[in-house]
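Reading the structure
Chain by chain, the residues:
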Amino acid sequence: MSDQFHLDMVLLILASAIVTYLTRIGGYVLITRLKTMPPRLEAALNAVPAAVLTTLWAPAFVYGGYDVKITIAAALVIGLRYSQIVTIVAALAIILLLRHGFGL
Amino acid sequence: MNSREFLLGVRGGLPVLASAPFGLLFGALATANGVTFGEASLMSATIYAGASQIVGIELFGQHVPAWLVVLSVFAVNFRHILYSAALAPFVREFGVLQRALTFFLLTDPQFAESLRHYEKTKSLTFTWYLGCGTLIYGQWLIMTMVGAYFGQLIGDPHALGLDVLLPVYFLGLVIGFRKRSRFLPIVGTSAIASTLALKLVGSPWHVSIGAIAGVAVAALLPVRTTPDQNGAQPKAVVE
């Protein structure tokens, strides 16, 4: 298409946009038909974000080098007390220190 | 359209500006992972769901089949189903097109600020919602563009520590869900299942396998008799 837009990528983005919109309108469509949500379905839906997002950091922690392990562990401690932005900035500082200061 | 109500909505969205760095982060990560400036902007303009967009660029880099990328985006955004169900009583008076736009703009902070506004004023008009949504959407798109522009100038992501930002970002999101019921069994199961699956089955299947294991645990554990107060409450950041 051009330097900026590759056809396969644009199609992938638009497909992602469509499924995202379906999640945003889906609960409304469901609730106006179902009236109530089965408790187990609600428990499963509630678990989705934590379950999906955990798969995106846990293997990185287990298989990463010591620089990555230390940074993620520190981020967990910091994240329990401070906002996400503070956590990210602190993690960035820690990884830079470990890599450039300690040569990990 | 009542312009005062619209501006009140814009003002209602102001706390969300605290999450503006996520737009920058997304834009920078996108271009650092080989996504172009135009594509990154298109993602923010049409998908408009930060965490799933970052999952998307993470998976593009691993040469994952397209359907699995779309499925992963869907999985990360699945929580919106709860918000949209919760919003049903508020949109009764809205027209069909207004409803369609309302749900397009339904992000975590939009949901949080809208409900907070309703608690305070006992009303939630489409105009207010649109004002709030315009601010959140606008900052997300502009911050993406700024981040993507500067991301193109980044040389070595490893030397700058950018590779560790994604896991830390996702860990931070997970921490934000810690008050939900069954949090530890779900996260523990997903962590173990995805780590084993990465070794035994390989990437990107560990994402789906770990996620399904965690969700299954949540569905199979005994149902609580008291409703979960924190269940559908979103965090006040763009995810």
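About the cut-offs
Residues numbered from 1 in each chain as written. Chains lettered and ligands numbered in written order. Predicted model: local features only at pLDDT ≥ 70, side-chain atom pairs only at ≥ 80, totals over all residues. Heavy atoms only, no water. Helix = DSSP H or I, 4+ residues; strand = E, 2+ residues; numbered from the N terminus. Rg over C-alpha atoms; globule rule 2.2 N^0.38 Å. Buried < 20%, exposed > 50% of the residue type's maximum accessible area, 1.4 Å probe, protein only. Contact = heavy atoms within 4.5 Å. Areas by Shrake-Rupley, 256 points an atom, 1.4 Å probe, with all protein chains shown as cover. Lys, Arg positive; Asp, Glu negative; His and termini not counted. Charge placed at Lys NZ, Arg CZ, Asp CG, Glu CD. Buried area = accessible area lost by both parts, 1.4 Å probe. Salt bridge = Lys/Arg side-chain N within 4 Å of Asp/Glu carboxyl O. Polar contact = N/O pair within 3.5 Å; in protein donor to acceptor, adjacent residues only side chain to side chain. Nonpolar A, V, L, I, M, F, W, Y, C, P; charged D, E, K, R; others polar. pLDDT = per-residue confidence, 0-100. Axes fitted to C-alpha atoms, helices over the stretch in contact; angles between N-to-C directions. Parallel < 35°, antiparallel > 145°, perpendicular 65-115°, else oblique. Left-handed = near helix turned anticlockwise from the far one by under 90°.

**Let's talk about the overall build of chain A**
- Counting its secondary structure elements, chain A contains 5 helices and 0 strands.
- Scanning chain A from its N terminus toward the C terminus, one meets helices and strands in the order α-α-α-α-α.
- Compactness check: chain A gives a C-alpha radius of gyration of 20 Å against a globular reference of 13 Å for 104 residues, more than 25% above the reference.
- Expressed as a percentage of the 104 residues in chain A, the buried residues total 43%.
- In chain A, the proportion of contacts linking residues at least 24 apart, taken out of those at least 6 apart, comes to 34%.
- Counting every atom, chain A has about 5400 Å² of accessible surface; 73% of that belongs to carbon and sulfur.
- Taken together, the 7 basic and 4 acidic charged side chains of chain A have centroids lying 17 Å from each other.

**What to know about the overall build of chain B**
- Helices and strands together make up the secondary structure of chain B, namely 12 helices and 0 strands.
- For chain B, the α and β elements follow one another from N to C terminus as α-α-α-α-α-α-α-α-α-α-α-α.
- Each principal axis of the C-alpha atoms in chain B carries an extent, and together these give about 55 × 55 × 30 Å.
- Burial statistics for chain B: of 239 residues in total, 55% are counted as buried.
- For chain B, long-range pairs separated by at least 24 residues make up 77% of all intrachain contacts whose partners lie at least 6 apart in sequence.
- A total of about 10000 Å² of accessible surface is found on chain B, and carbon and sulfur atoms cover 67% of it.
- Between the mean site of the 15 positive side-chain charges and the mean site of the 11 negative ones, chain B shows a separation of 10 Å.

**Some remarks on the interface of chain B and chain A**
- Tallying the contact residues gives 86 residues for chain B and 64 residues for chain A.
- Together chain B and chain A conceal approximately 6500 Å² of surface at their shared face, both sides included; 75% is due to carbon and sulfur atoms.
- For chain B, the biggest contributors to the area lost against chain A are B:Glu39, B:Val168 and B:Leu171; these three give 9% of the whole.
- Across the contact surface, chain B and chain A share 0 salt bridges.
- Counting every contact that joins chain B to chain A gives 23 residue pairs in polar contact (both at pLDDT 80 or more).
- Looking at the side of chain B that touches chain A residue by residue, the classes come out as 59 nonpolar, 18 polar and 9 charged.

**Some remarks on the environment of B:Leu160**
- Within the secondary structure layout, B:Leu160 lies in the loop between helix 9 (126-151) and helix 10 (165-176).
- Separated by 141 residues in the primary sequence, B:Leu160 and B:Ser19 place their C-alpha atoms 22 Å from one another.

**Things to note about unusual backbone geometry**
Residue and element names in this part refer to chain B.
- For Tyr48, which is not glycine, the phi dihedral falls at a positive 55 degrees.
- You can see Tyr48 is positioned in the loop between helix 3 (37-46) and helix 4 (50-60).
- The backbone of Arg182 shows a phi angle near 65 degrees, a positive value even though the residue is not glycine.
- Inspection of the secondary structure assignment puts Arg182 in the loop between helix 10 and helix 11 (183-200).

**A look at the confidence of the model for chain B**
Residue and element names in this part refer to chain B.
- In the predicted model, chain B carries a mean pLDDT of 85, and the fraction of residues at 70 or more is 92%.
- Here residues 226-239 is modelled with pLDDT under 50, and outside its nearest four sequence neighbours on either side it reaches 42 contacts, counting other chains as well.
- Taken over the whole predicted complex, pTM reads 0.73, whereas the ipTM for its chain interfaces reads 0.83.

**Considerations on the packing of helix 5 (residues 84-101) of chain A against helix 2 (residues 20-32) of chain B**
- In the contact formed by helix 5 of chain A and helix 2 of chain B, the axes pass within 10 Å of each other and the chain directions differ by 45 degrees. Between helix 5 of chain A and helix 2 of chain B, the angle is such that the two are oblique. Relative to helix 2 of chain B, the crossing made by helix 5 of chain A is left-handed. Contact residues: A:Gln84, A:Ile85 and A:Ile88 in helix 5 of chain A; B:Pro21, B:Phe22 and B:Leu25 in helix 2 of chain B.
- A class-by-class count of the residues in the contact of helix 5 of chain A with helix 2 of chain B yields 5 nonpolar, 1 polar and no charged.

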